[in-house]
Amino acid sequence: MLLSIAHFFSSDPDQFIVHFGYAGIFLFFITIDQFTPLPEEITLLSLGYLCSAGIFNPFLAGIASLAGFITVDVIYYFLSRSGSGFIKRITGKTRNRFAERYGERLKDHFAKTLLILCFIPRMRMFGPVFSGMMKLPFRKFLLFDMIGLVLFTAIYLSIGIVFHRSLHAVFAEVETTQHIIFFSAMLVGAIVVIFFFRKGK
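From a predicted model like this one, the values you see are computed outputs, not experimental measurements. (Residues numbered from 1 in each chain as written. Predicted model: local features only at pLDDT ≥ 70, side-chain atom pairs only at ≥ 80, totals over all residues. Heavy atoms only, no water.)

Caption draft 1: Region of the structure containing the packing of helix H4 (residues 58-81) against helix H8 (residues 126-133). Following both chains from N to C, one finds H4 and H8 inclined at 30 degrees, their axes separated by 7 Å at the closest point. If you check the angle between H4 and H8, you find them roughly parallel. Here H4 runs over H8; the crossing is right-handed. On H8, the residues that touch Asp-73, Tyr-76, Tyr-77, Ser-80 and Arg-81 of H4 are Pro-128, Val-129, Ser-131, Gly-132 and Met-133. (Axes fitted to C-alpha atoms, helices over the stretch in contact; angles between N-to-C directions. Helix = DSSP H or I, 4+ residues; strand = E, 2+ residues; numbered from the N terminus. Parallel < 35°, antiparallel > 145°, perpendicular 65-115°, else oblique. Left-handed = near helix turned anticlockwise from the far one by under 90°. Contact = heavy atoms within 4.5 Å.)

Written out as structure tokens, the structure reads:
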């Protein structure tokens, strides 16, 4: 199985998800997604596209994605709360100004700041990290984190579905061209996000 996972990831994350089904969605977000610069937004858009194409049920795909996101966030929260060296290495790579700004905002405007972090590409993980470091109440963190994740997942899955339907209407007779256009757009988007993220760091 590990060889299969390595094969599908090395060729295309979407193939990994399609091959392993809903379990693949969950596994992708708790493992591969944590070690790749590919933004979660791009993965969710692609997942929404696959849902609209009839490969996945959007509700079940959303549940699998949410389960993965929540699992990872809870792990980051408790690692941060315990003072994990792994978390310290991660936060050490960010600007102190960024950490201080959002750390203070979490204290004063917890729910609002947690929601904002959900929608900043590649910055979502710092919500649970900062919450754990400041030892904010777990139940409060989990409640607002889940609200943010439900909105985040629903919005990007929906955009992917709308994108597929729009392209399908334009290229109804040329399905291959439609898929090429969509995944090319996702690739370009991922490259742009990664470029600006690294430039910002």
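Caption draft 2: Spotlight on the packing of aromatic side chains. Scanning the entire structure with this criterion turns up 13 aromatic pairs. Ring geometry for Tyr-77 versus Phe-138: centroids 5.3 Å apart, planes at 50 degrees, classification tilted. Within this pair, whereas Tyr-77 is found in helix H4, its partner Phe-138 is found in helix H9 (residues 138-170), the two being separated by 61 residues in sequence. On the accessibility criterion, Phe-138 (26% relative accessible area) is partly exposed. (Phe/Tyr/Trp six-rings, centres within 6.5 Å; stacked < 30°, edge-to-face > 60°. Buried < 20%, exposed > 50% of the residue type's maximum accessible area, 1.4 Å probe, protein only.)

Caption draft 3: Region of the structure containing unusual backbone geometry. Of note in this structure, Lys-135 is not a glycine but carries a positive phi near 55 degrees. One can find Lys-135 in the loop between H8 and H9. Residue Lys-135 is classed as exposed on the basis of its relative accessible area of 51%.

Caption draft 4: Summary view of the pattern of salt bridges. This model, assessed by the stated rule, comprises two salt bridges. One salt bridge in this structure joins Arg-124 and Asp-73, with 2.7 Å as the shortest N-O distance. Here the residue Arg-124 occupies a position in the loop between helix H7 (110-118) and H8, and Asp-73 occupies one in helix H4, the gap between them amounting to 51 residues. When its relative accessible area of 6% is taken as the criterion, Arg-124 is described as buried. On the accessibility criterion, Asp-73 (0% relative accessible area) is buried. In this structure, a network of salt bridges that share partners links the residues Glu-40, Asp-73 and Arg-124. (Salt bridge = Lys/Arg side-chain N within 4 Å of Asp/Glu carboxyl O.)

Caption draft 5: Layout of the environment of Gly-127. Examined against the element boundaries, Gly-127 turns out to sit in helix H8. The exposure class assigned to Gly-127 is buried, which follows from its relative accessible area of 0%. For the pair formed by Gly-127 and Tyr-76, sequence separation is 51 residues and the distance between their alpha carbons is 9.1 Å. Gly-127 has contacts with Leu-106, Leu-114, Leu-117 and Phe-141, leaving out every residue within four places of it along the chain.

Caption draft 6: Layout of the nonpolar core. Grouped together as the largest cluster of nonpolar side chains are 22 residues, with contacts concentrated most on Ile-25, Leu-44, Leu-47 and Phe-56. For this core, the elements supplying multiple residues, two or more each, are helix H2 (13-30), helix H3 (40-52), H4 and H9. A per-element tally of this core places H3 first, with six residues. With residues up to four places along the chain from it excluded, the contact list for Leu-44 reads Phe-29, Ser-65, Phe-69, Phe-152, Thr-153, Tyr-156 and Leu-157. Listed in part, the 14 residues of the second largest apolar core include Ile-87, Phe-110, Met-123 and Phe-126. (Core = buried A, V, L, I, M, F, W, Y, C linked by side-chain atoms within 4.5 Å.)

Such coordinate-based values are descriptive only and should not be taken to indicate function.
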